[in-house]
Amino acid sequence: RRKLRRIRAKATVDEERRRIAADVHDDLGADLSRLLMHARQQEIDGARGTRISDGILASMEKIDEIIWSLDPRRDTLRSTVQFIEQQAKELATVNCMSFRTQVDIPDEEVPLSAQMRRELLLIAREAMRNVVEHAEAKQIRFLAEYGSKVFRMVIEDDGTGFDAKKMARGRHGLDNMRERAERMGGTFFIQPSA
């Protein structure tokens, strides 16, 4: 009976997550799409709509992420890796960097909690942001592999590198990535390429 109650409770939560994701997409997403269209029309007409459209576009990307994080159908390692890979490719393209990827994930679905998906996404996003902002790199590489119940994710670049011990105080990105990995029972490290 307890197991049946847990299954029913999870189904209820999953259904609520699906409903919220659909509402965000249908209501807020549609409104922002209309605003973006108007802002872009102002740009074409010569008005100052660029900042507005950039802000709206950033908001729409955030909404896509929220929808993805809420959707229980995405509670898998494959979905998480695909989402991170897509974001890495877009970031590389926007910043005129070449992008390489290597993904080795089994065909069977590996379940992943919403919290773990978010932790992985935020680790990858911070690493990619560091590449763009600090590495002076021309290329970013994303590697993801899963085998023997171990997942490994690598964000690699061809940039200048840095000494993690000499990073400016008050910056928390590396510590946050390390803490996120540890919360999932993983490890985080930085190493220069040979």
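In what follows, the structure referred to is the one given above.
This section reports on the structure supplied with the text.

Cut-off values and rules
As a convention, each chain's residues are numbered from 1 in the sequence order in which they are written. In view of the model being predicted, local features appear only for residues whose pLDDT reaches at least 70, and side-chain atom pairs are presented and counted only at 80 or more, with totals across whole chains, interfaces and linings using the full set of residues. By convention in this description, side-chain values take in all heavy atoms of the structure and omit both hydrogens and water. By definition, any uninterrupted DSSP run of H or I lasting at least four residues is a helix, any uninterrupted run of E lasting at least two residues is a strand, and each is numbered from the N terminus. Partly exposed describes any residue whose relative accessible area lies between the buried limit of under 20% and the exposed limit of over 50%, with all areas from a 1.4 Å probe on protein chains only and scaled to the type maximum. Polar contact is defined as a pair of N or O atoms within 3.5 Å, subject to the rule that within protein one atom must be able to donate a hydrogen and the other to accept it, and that residues adjacent in sequence are counted only when both atoms are side-chain atoms. Throughout, a contact is declared for two residues whenever any of their heavy atoms are within 4.5 Å. Cavities and pockets were defined on a 1 Å grid built over protein atoms only: a cavity is a set of grid points that admits a 1.4 Å probe from which the probe cannot escape, a pocket is an open set flanked by protein on both sides within 12 Å along at least five of seven lines, and lining residues are those with an atom within 4 Å of any such point. Grid points are joined across faces, edges and corners, and a volume is the space filled by probe spheres set on the points. Three residue categories are used. Nonpolar comprises Ala, Val, Leu, Ile, Met, Phe, Trp, Tyr, Cys and Pro, charged comprises Asp, Glu, Lys and Arg, and polar comprises the others, including Gly. Nonpolar side chains (Val, Leu, Ile, Met, Phe, Trp, Tyr) within 5 Å and like charges within 9 Å form the patches, drawn only from residues with over 30% relative accessible area and no salt bridge. A 1.4 Å probe and the Shrake-Rupley method give the accessible areas. Residues count as covered only by the protein chains that appear here. We define a salt bridge as a side-chain nitrogen of Lys or Arg found within 4 Å of a carboxyl oxygen belonging to Asp or Glu. Note that His is not counted, nor are the chain ends; the positive residues are Lys and Arg, and the negative ones are Asp and Glu. In plain terms, the charge of a residue is placed at NZ if it is Lys, CZ if Arg, CG if Asp and CD if Glu. Any two strands with at least two DSSP-identified bridges between them are counted as paired. Here an angle of 0 to 180 degrees is reported between the N-to-C directions of two axes, which are lines fitted to C-alpha atoms, with helices fitted over the stretch in contact. Two rings belonging to Phe, Tyr or Trp (six-membered ring only in the last case) form a pair when the distance between their centres is within 6.5 Å. Interplanar angles under 30 degrees mark stacking, angles over 60 mark edge-to-face geometry, and anything in between is tilted. Working rule: Lys NZ or Arg CZ, within 6 Å of ring centre, within 35 degrees of ring normal, means a charge sits over the ring. Crossover handedness is defined here as right-handed if the route from the first strand over the helix to the second strand goes clockwise, with the strands pointing away from the viewer. Joining through side-chain atoms within 4.5 Å is the link that ties buried Ala, Val, Leu, Ile, Met, Phe, Trp, Tyr and Cys residues into a set, and such a set is a nonpolar core.

This part takes up the side chain of E119. In this fold, E119 is placed in helix α4 (residues 114–134). When its relative accessible area of 3% is taken as the criterion, E119 is described as buried. Here Q115 takes part through its side chain, which lies 2.9 Å from a polar atom of the side chain of E119. Once residues within four sequence positions are removed from consideration, E119 is found in contact with R180, R183 and M184.

Let us now look at the layout of surface pockets. Each pocket or cavity is described by its volume, and for the second largest pocket that value is around 560 Å³. Taken together, 15 residues make up the lining of the second largest pocket; nearest its centre are E61, Q87, E90, L91 and R125. Sorting the residues of the lining of the second largest pocket by element identifies α2 (50–70), α3 (77–94) and α4 as the ones contributing at least two each. With six residues, the single largest contributor to the lining of the second largest pocket is α3. A breakdown of the residues in the lining of the second largest pocket according to their chemical character gives six nonpolar, two polar and seven charged.

On the surface, a cluster of positive charge is contributed by R1, R2, K3, R5 and R6. Structurally, the position occupied by R2 is in helix α1 (residues 2–44). Taking the relative accessible area as the measure of exposure, R2 reaches 63% and is therefore exposed.

On to the sheet that holds strand β1 (residues 98–104), then. With mixed pairing, three strands are arranged side by side in an open sheet as β1-β2-β3. The outermost strands of the open sheet, each flanked by one partner alone, are β1 and β3 (150–157). The mean inter-strand angle of the sheet, taken between neighbouring strand axes irrespective of direction, is 5°. As paired strands, strand β2 (residues 139–147) and β3 are joined by eight bridges and run antiparallel to one another. Residue F142 lies in a different strand from β3, and its bridge partner there is I155. Sheet contacts for α3: β1, β2 and β3; angle to β1, the most-contacted strand, approximately 170°. Each of β2 and β3 is contacted by α4, which is oriented at about 15° to β3, the strand it contacts most.

Let us look at the packing of aromatic side chains. Counted according to the given criterion, the structure contains one aromatic pair. Here the guanidinium or amino end of R117 rests over the ring plane of W68, the centre of that ring lying 4.5 Å away.

Pairing geometry for β1 and β2, over seven bridges, is parallel. Paired with Q102 across the strands is L143, a residue of β2. Chirality of the crossover, the property in question, places the unit of β1, α4 and β2 among those that are left-handed.

With 21 residues, the main nonpolar core has L77, V81, I84, M97, V131 and I140 as its most contacted residues. Broken down by secondary-structure element, the contributors of at least two residues to this core are α3, α4 and β2. Top element by residues in this core is α3. It accounts for six residues. If we skip the residues at most four places from it in the chain, V131 touches M97, E136, A137, I140, I155 and D157.

On to the environment of A114. Structurally, A114 is set in helix α4. Other than its neighbours up to four places away in sequence, A114 contacts R17, S69 and D75.

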